[in-house]
Amino acid sequence: MKNRLVSTFVACVSLAVTQRTIAAQTIDWKAIGDEAIRLLQEYVRIDTSNPPGDTRQAADFLTAIFEREGIPVTRYESAPGKAIVYARLKATTSPAAGKPIVLLHHMDVVPADRSQWKIDPFAATIEGGEMRARGALDMKSLGVAHLMAFVMLKRQRLPLARDVILLAEPDEEIGGAMGARWMIANHFAELDPEYVLDEGGFGSADLFAPGKLVYGVAVAEKKILWLTVRATGVAGHGSQPHDQNPNDRLLRALARLLVQPDPPDRVPERPALREAIVDLMKARVGTLAANKFPNAIQHSTIAVTWVRSGVGDPPKINVIPSVAEAGLDCRLLPGVTRGEWIAEVRRRLGDPSLTIEVINESDDAIVSPYDTPLYRSLESAIRRVHPDAIVTPMLIPYGTDSNAFRPRGVKSYGIFPAILSAETVASMHGDAERVPIDGVRESVQILYEALREALIR
Ligand SMILES: [Zn+2]
């Protein structure tokens, strides 16, 4: 009796394993890719422009898919119209090997100025192998790649060593207060992930280094520090210039600020942190391309984004004002503190009479560890498709929802594993936003295989 039970059990297990192996081998990636593109078209056609950032219809769309696939789904509304949806696949092993993996994407998109678009930005038009549409790149394509990989885990009945959660949020494009940050503040216990997969990095054959296929996996973001520089002086008649004109003072200071190269040596960049990310990327990739993206990920940067002065609107041309101001959007490498950077800006401005005010700052940058099973699975899934690819941890110059998770000890990786040209990357938020269709197809497969490998450990 006992023996028969054991042998029946063994037979069942081996049958299950065989079925799993067969199932895993018989995935029709062409059909899965077609399904992903169809879903992406439907998703893009739901206008989630932010503002107003109403994501209820997008959440309905995702909810219907989860229900059809028999996956439990939970829904919240952080504010009127700001729908949040998450679906959960439970671990099949007990105890689970670890805390969940969250597949995170934002449903909202930046607004589209229809007068500048040559086509309807929400028609999801496919032409020449690309979909041109608002949200095609940022980030409904990765959202759909997450969705398909997630649904495939269920359809393939894979044994899961931990829970996998797909979380779709509103509000990222205006800071995430009612999206990721709201979920973390109000429902963190329901997620409590070890890992988050998010947007941030991608593959490119020209953006990072000419002629090299590089996949940058975002493991950290630069710190945002927004400053106002103010010069004050004495108002007067434009016919009699004097040396107390705040415009002169501000312009000379800004010229001194901008004429100096990025100062890698002047501001201590905590060598351990810099080596861990910028130097490591350079060691793996070699010389980085000379364009604005690699520049921004190697240096702390300053962009003068506005200059404001004059009396009246429109400003009077014959009046010297008493105040002139400029806005500086500074982005700091990990390890550079607010105090150090302000001291550096002050030194470069070279005028102690100017005042500097902080108008916004993000948390100090946190680097997610990348010596982890999930990172290695991502790397090997990419390299199975492109054996010549260089996969590297990367710092990104812009902000994502991952920065809300990293301070909670969550390891967050930003990667849309599609190959994007520098031109395509630059189309983000622009009036020709687009995504290569083959890239979306490939992303589904890479993400599925990375998750499968990480989850069967
Ligand atoms: Zn985005």
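You'll find the structure just up there.
Residues numbered from 1 in each chain as written. Predicted model: local features only at pLDDT ≥ 70, side-chain atom pairs only at ≥ 80, totals over all residues. Heavy atoms only, no water.

1. Topic: the sheet that holds strand S11 (residues 301-308)
Reading across from one edge, S11-S13-S9-S14 is the order of the four strands in this open sheet, with antiparallel pairing throughout. Edge positions in the sheet fall to S11 and strand S14 (355-361), since each has one partner strand and no second. Ignoring which end each strand starts from, the neighbouring axes of this sheet average 25° apart. Docked against the sheet, helix H6 (residues 246-259) engages strand S9 (223-232), S11 and strand S13 (323-332), running at close to 20° with respect to S13. (Pairing = 2+ DSSP bridges. Helix = DSSP H or I, 4+ residues; strand = E, 2+ residues; numbered from the N terminus. Axes fitted to C-alpha atoms, helices over the stretch in contact; angles between N-to-C directions. Contact = heavy atoms within 4.5 Å.)

2. A short note on the coordination of the zinc ion
The zinc ion binds to the protein through His106 (NE2), Asp138 (OD), Glu199 (OE) and Glu199 (OE); the donor distances cover 1.9 to 2.6 Å. Angles of 54 to 151° at the metal separate the four donor atoms of the zinc ion, which places the site in the irregular class. Of note, the zinc ion draws all its donor residues from one chain, in the sequence arrangement H-x31-D-x60-E. One end of the pair, His106, is in strand S3 (residues 101-106); the other, Asp138, is in helix H4 (residues 136-155), with 32 residues separating them in the sequence. With relative accessibility at 1%, the residue His106 sits in the buried group. (Donors = N, O, S within 2.8 Å, 3.2 Å for Na, K, Ca; no water. Tetrahedral: all angles 85-135°; square planar, octahedral: opposite > 155°, others 65-115°. Buried < 20%, exposed > 50% of the residue type's maximum accessible area, 1.4 Å probe, protein only.)

3. Examining the pairing of strand S1 (residues 73-77)
As judged from the five bridges shared by S1 and strand S2 (residues 83-89), these two strands associate in the antiparallel manner. By the bridge assignment for S2, Glu77 is matched with Ala83. Taken together, S1 and the strand that follows it, S2, pair antiparallel across an intervening segment of five residues, in which Gly81 is found at a positive phi of about 85°.

4. Notes on the nonpolar core
One broad trend across soluble globular proteins is that nonpolar side chains are buried collectively. Residues Leu62, Met131, Phe150, Leu328, Val345, Leu349 and Tyr413 are the most contacted members of the largest nonpolar core, which totals 114 residues. Sort the elements by how many residues they give to this core and H4 lands first, with 13 residues. (Core = buried A, V, L, I, M, F, W, Y, C linked by side-chain atoms within 4.5 Å.)

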